[in-house]
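# Results of the structural survey
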Amino acid sequence: MTSHPRLLAPLTVGSRTLRNRIVMGAMHTRIETLDNPTERLVAFYAERARGEAALILTNGYSPDIAGRLEADSEVFDNTTDLAPHRAITQAVHDAGGLIALQILHAGRYAKHPYAVGPSDQRARINPIEPHALSTSEVWDTIDAFARTAELAKQAGYDGVEIMGSEGYLINEFLAEATNHTRDDEFGGTFEGRCRLPLEILRASRARVGSDFLLIYRISAIDLVEDGLSGKEIAELARQVEAAGADLINTGIGWHESAVPTIAASIPRGVWTFAARHVKDAVSIPVIVSNRINDPDLAEQVLADGAGDLVSMARPLLADPQFARKVRTGDIAEINTCIGCNQACLDRIFTDRTASCMVNPRAGHEIEFTRRDPATRKRIAVVGAGPAGMSFAVEAAELGHTVTLFEAAPQLGGQLNMARVVPGKDEFNQLLRYFRVRLDRLGVDVRLNTRADADQLAGEGFDEIVLATGVTPRVPEIKGVDHPMVMSYVDVLTGARRAGERVAIIGAGGIGYDVAEYLLGHPEESLDADAFLTAWSIDPTLSTPGGLTGPPRAEVPKPAREVTLLQRKTTRPGAGLGKSTGWILKARLRAAGLTTVAGATYEEISDQGLHYRVGDRTTVLEVDTVILCAGQESERDLYQQLTERNIPAHLIGGADLAAELDAVRAIDQAARLAQVV
Ligand code: NAP
Ligand code: SF4
């Protein structure tokens, strides 16, 4: 008897039977920009199909040149493009999966000069002014969607998903906010605004016949001023069904919305109310999406009747075997997506290729081909932070015998500091995953053990891997040894308590994390009602766009006063993750954080922190100064081994402290395991 009966139940839609209710959501990866794109995409999708996802939705393909998201995004408008698609569909079908092609027209979000929209009004997040489509150009666009649907069928896809959410072209036609100047049949009334997606569905159905899935991704809540109301969304959903859709997928918010929708700092499953609203309006199956990363939650969502299937995009980047592990009951072994966005969305938004922090193979499957090592070795790993644990797991999986030394009483290293920051408790999942894998792979974990050169030499290991991490940098400031000064480690481990007036020296990722730790509202990441209230979201969907007012207007300010300083003159927080930094800054701004750029630190005294900006000296009267001034590599053990001519590999922060993050640490460790 399975513990997830609803999630594992097959579902027949049209002529296709989905083997369970897990859909891999479409995700822009930019894998196509790497070398050997077809080989990579085949490997990427086939691995997820082997992992038993029922239905895979590809990343978006544009139906025409204007609809490309970026200048090098892919268009699927010609039979000459069929061959690579056939390779993908064949591989997925061979693995027992189904796959649908997403057709995405970027509209005014397009980052190239051919952007188009219902009007020439540009988006807040894109400097490019779109060309306003003429009536005949809109009909041409409808025809282009239908042509791509037909090509998808020829390429062997099981269906297409028409992307009608996230603020792209279709949304732009639907919402009054962006479609208020047209006087043709595609504007004016609600009926006129809805015409574009409905004509696309009708034209596509006419071209592909009945033996092909038409999926429409609806924006279940727009989260923009003058977006659709709940009543309009329900009406649109009914018309989408009548126009021939087999399935409705749900999307949340537009990209330009000032409300976060998928970051780890928002509660899991918070958007199911919006999917349920769509589900209640139609009789075709509905897919629930956004911030569902856990099988128990997915099962609950289905049990609650919010939808019929669950879409997971990032969770299947993190663990391609997610669905199989649910079937076999290996839930604790799921490598959970922690919602960090650091290796996926943050890379996409900065024109790089997506991978995954917790699974560096994602998008790089063809680079991780080793199944067995040439020689099975005895390997010592020193340091059980992200790099050390990752290496230990990877090496043990390949069949090596691994001993993992850790000086602290628990696994995790820097992860133990990340996981206490409000909005980052998903890091606990990464720790759980490593703990379970280390245990099941039989890694000899020696906690409370500070390995030294004598011990390592004495045990005769074949390889030594040092993941000894970093030590916090202590900047040279007069009075830095004052009792009010503490390091971020003191604060985040709970060893010391900050006072009520705090200066933070260093505005990098950790400086911001510490500010959030001191000022944040942890309940907002865990409790749906607290989140919805803080971001002014209307769960009854009775207002246009589902908003009740400006986000975070009503959040109470904490009593504590925090000032975050940096020496650079650039905007503080500029280096934070593209997809999450703005959320953190919005939270902290509402909590009263003060930031100072261009500071020269002069002294720390009983009076507080003395600093200068330009010619002006200020004494910040604080009772606590927290040092978040970066780190230096911890290499004492490496020096000891080098002195004895014992070779060792350095990974993670011990290798390079600058701009270290868990993405680089885990990736480096996993790659080293392929070659030792
Ligand atoms: P960091 O990002 O390099 O920031 C260090 C800060 O200390 C900078 O603001 C720097 O700014 C300041 N600083 C450096 N040397 C100093 C000195 N001698 N005296 C005074 N100030 C000094 O390092 P971090 O904040 O420790 O973070 C470590 C890594 O973890 C980073 O790569 C970060 O991206 C990652 N991380 C990421 C997140 C995330 O949310 N994605 C969260 C936490 C950590 P000035 O030189 O301008 O003063
Ligand atoms: Fe999830 Fe982070 Fe991996 Fe993206 S990088 S898939 S958010 S764990």
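Everything discussed here concerns the structure shown above.
Residues numbered from 1 in each chain as written. Chains lettered and ligands numbered in written order. Predicted model: local features only at pLDDT ≥ 70, side-chain atom pairs only at ≥ 80, totals over all residues. Heavy atoms only, no water.

## Points about empty space enclosed by the protein
Using a probe with the size of a water molecule, rolled over the atoms, empty space left in the structure can be pinpointed. Inspection of the entire model under this criterion finds two cavities of 30 Å³ or more. Cys337, Cys340, Cys344, Cys356 and Met357 are the residues nearest the centre of the largest cavity, which is lined by 14 residues in total. Classifying every residue of the lining of the largest cavity gives ten nonpolar, three polar and one charged. One number sums up the size of the second largest cavity: a volume of about 50 Å³. Taken together, Met24, Gly25, Ala26, Met27, Thr29, Phe44, Tyr45, Leu57, Thr58, Asn59, Ala313 and Leu317 make up the full set of residues lining the second largest cavity. Take the lining of the second largest cavity: its biggest share by element is three residues, from strand E4 (residues 55–61). (1 Å grid on protein atoms, 1.4 Å probe; cavity = no way out; pocket = protein on both sides within 12 Å on 5 of 7 lines; lining within 4 Å. Points joined across faces, edges and corners; volume = space filled by probe spheres on them. Nonpolar A, V, L, I, M, F, W, Y, C, P; charged D, E, K, R; others polar. Helix = DSSP H or I, 4+ residues; strand = E, 2+ residues; numbered from the N terminus.)

## A closer look at the sheet that holds strand E10 (residues 247–252)
Sheets are built from strands that pair by backbone hydrogen bonding, the pairs being arranged parallel or antiparallel. The eight strands are arranged E3-E4-E5-E8-E9-E10-E11-E12 in a closed barrel whose pairing can be described as parallel. Looking at each pair of strands side by side, their axes are set apart by 30 degrees on average, direction ignored. Each of strand E8 (159–164) and strand E9 (213–221) is contacted by helix H6 (residues 190–208), which is oriented at about 170 degrees to E9, the strand it contacts most. (Pairing = 2+ DSSP bridges. Axes fitted to C-alpha atoms, helices over the stretch in contact; angles between N-to-C directions. Contact = heavy atoms within 4.5 Å.)

## Quick word on the nonpolar core
Of all hydrophobic cores here, the largest spans 159 residues; its most connected members are Tyr216, Trp271, Met357, Phe391 and Ile537. Discounting residues that sit within four places of it in the chain, tryptophan 271 has contacts with Ile221, Leu223, Ile252, Val259, Pro260, Thr261, Ile266, Asn290, Phe531 and Ile537. If you look at the next biggest cluster of nonpolar residues, it comprises 24 residues, including Val491, Ala498, Ile504 and Ala515. (Core = buried A, V, L, I, M, F, W, Y, C linked by side-chain atoms within 4.5 Å. Buried < 20%, exposed > 50% of the residue type's maximum accessible area, 1.4 Å probe, protein only.)

## Details of the pairing of strand E16 (residues 463–466)
Burial along E16 is two-sided: the residues Glu463 and Val465 and Ile464 and Leu466 are all buried. Here E16 runs beside strand E27 (residues 649–650); their pairing, made up of two bridges, is parallel. In the sheet register, valine 465 faces E27, and the bridge partner there is histidine 649.

## Some thoughts on the sheet that holds strand E23 (residues 608–613)
Spatial strand order, E22-E23-E24: three strands in an open sheet with antiparallel pairing. Of all the strands in the sheet, the pair left with one neighbour each is strand E22 (600–605) and strand E24 (616–620). Pairwise comparison of adjacent strand axes, ignoring direction, gives a mean angle of 20 degrees for this sheet. When E22 meets E23, the two strands line up antiparallel, connected through five bridges. Bridge assignment links threonine 600 to a residue of E23, and that residue is arginine 612.

## Concerning the environment of aspartate 351
By the secondary structure assignment, aspartate 351 is in the loop between helix H12 (345–348) and strand E13 (378–382). Between the C-alpha atom of aspartate 351 and that of glutamate 70, which follows or precedes it by 281 residues, the distance is 9.2 Å. Residues contacting aspartate 351, with those up to four places away along its chain left out, are Arg30, Glu70 and Lys111.

## Details of the pattern of salt bridges
Applying the stated criterion across every chain, the model contains 42 salt bridges. Notably, a salt bridge pairs aspartate 294 with arginine 268, separated by 4.0 Å at the nearest N-O pair. Here arginine 268 lies in the loop between E10 and helix H8 (272–279) and aspartate 294 lies in the loop between strand E11 (286–288) and helix H9 (295–303), a separation of 26 residues in the sequence. Taking the relative accessible area as the measure of exposure, arginine 268 reaches 30% and is therefore partly exposed. Notably, a salt bridge pairs arginine 587 with glutamate 516, separated by 2.6 Å at the nearest N-O pair. (Salt bridge = Lys/Arg side-chain N within 4 Å of Asp/Glu carboxyl O.)

## Describing the site of ligand 1
Taken together, 21 residues are adjacent to ligand 1, and Ile510, Arg567, Lys568, Gln631 and Leu660 come closest. A distance of 2.8 Å separates an oxygen atom of ligand 1 from a polar backbone atom of lysine 568. Within the contact set of ligand 1, an oxygen atom lies 2.9 Å away from a side-chain nitrogen or oxygen of glutamine 631. Surface burial for ligand 1 is 79%, taken as the share of its 880 Å² of free accessible area covered by protein chains. Partitioning the shell around ligand 1 into residue classes produces eight nonpolar, seven polar and six charged. (Near = heavy atom within 4 Å. Polar contact = N/O pair within 3.5 Å; in protein donor to acceptor, adjacent residues only side chain to side chain. Areas by Shrake-Rupley, 256 points an atom, 1.4 Å probe, with all protein chains shown as cover.)

## Remarks on the packing of helix H13 (residues 386–397) against helix H15 (residues 427–440)
In the contact formed by H13 and H15, the axes pass within 10 Å of each other and the chain directions differ by 35 degrees. For the pair H13 and H15, the sense of crossing is left-handed. On the side of H13, the interface is formed by Pro386, Met389, Ser390, Ala392, Val393 and Glu397, while H15 contributes Leu431, Phe434, Arg437 and Leu438. Split into classes, the residues belonging to the contact of H13 with H15 amount to seven nonpolar, one polar and two charged. (Left-handed = near helix turned anticlockwise from the far one by under 90°.)

## What to know about the environment of arginine 268
For the pair arginine 268 and glycine 592, spaced 324 residues apart in sequence, the C-alpha to C-alpha distance is 27 Å. Setting aside its immediate chain neighbours within four residues, arginine 268 contacts Arg291, Asn293, Asp294, Leu297, Thr336, Glu426 and Gln429. A polar side-chain atom of arginine 268 sits 3.0 Å from a polar atom in the side chain of asparagine 293.

## Quick notes on H6
Since the α-helix advances by 3.6 residues per turn, residues separated by three or four positions end up pointing in the same direction. End to end, H6 covers 28 Å across 19 residues, agreeing with the expected 27 Å (1.5 Å per residue, within 8%). The axis of H6 is deflected most strongly, by about 40 degrees, at leucine 196, and proline proline 197 appears within four residues downstream. (Expected span 1.5 Å × (residues − 1). Bend = angle between axes of the 7 residues up to and from the residue.)

## A closer look at the pairing of strand E20 (residues 561–565)
The buried fraction of E20 is high, at four of five residues. For E20 and strand E21 (residues 594–596), the ladder comprises three bridges, and the chain directions are parallel. In the strand pairing of E21, threonine 563 is matched with threonine 594. Handedness of the β-α-β unit built from E20, helix H21 (residues 581–590) and E21 comes out right-handed. (Right-handed = clockwise from strand over helix to strand, strands pointing away.)

## Notes on the site of ligand 2
Neighbouring ligand 2 are Arg314, Leu317, Cys337, Ile338, Gly339, Cys340, Asn341, Ala343, Cys344, Cys356 and Met357. A molecule is said to occupy a pocket when more than half its atoms come within 2 Å of that pocket's grid points, and by this definition ligand 2 occupies the largest cavity. Residue composition of the shell around ligand 2, by class: eight nonpolar, two polar and one charged. (Sits in = over half its atoms within 2 Å of the grid points.)

## Points about the side chain of histidine 400
In this fold, histidine 400 is placed in the loop between H13 and strand E14 (401–405). Classification of histidine 400 by relative accessible area gives buried; the value is 5%. Within the local environment of histidine 400, its side chain forms a polar contact with the backbone nitrogen of lysine 377, the two atoms lying 3.0 Å apart. Not counting the four nearest positions on each side in its chain, histidine 400 is found in contact with Pro373, Thr375, Arg376, Lys377, Ile379, Ala395 and Val676.

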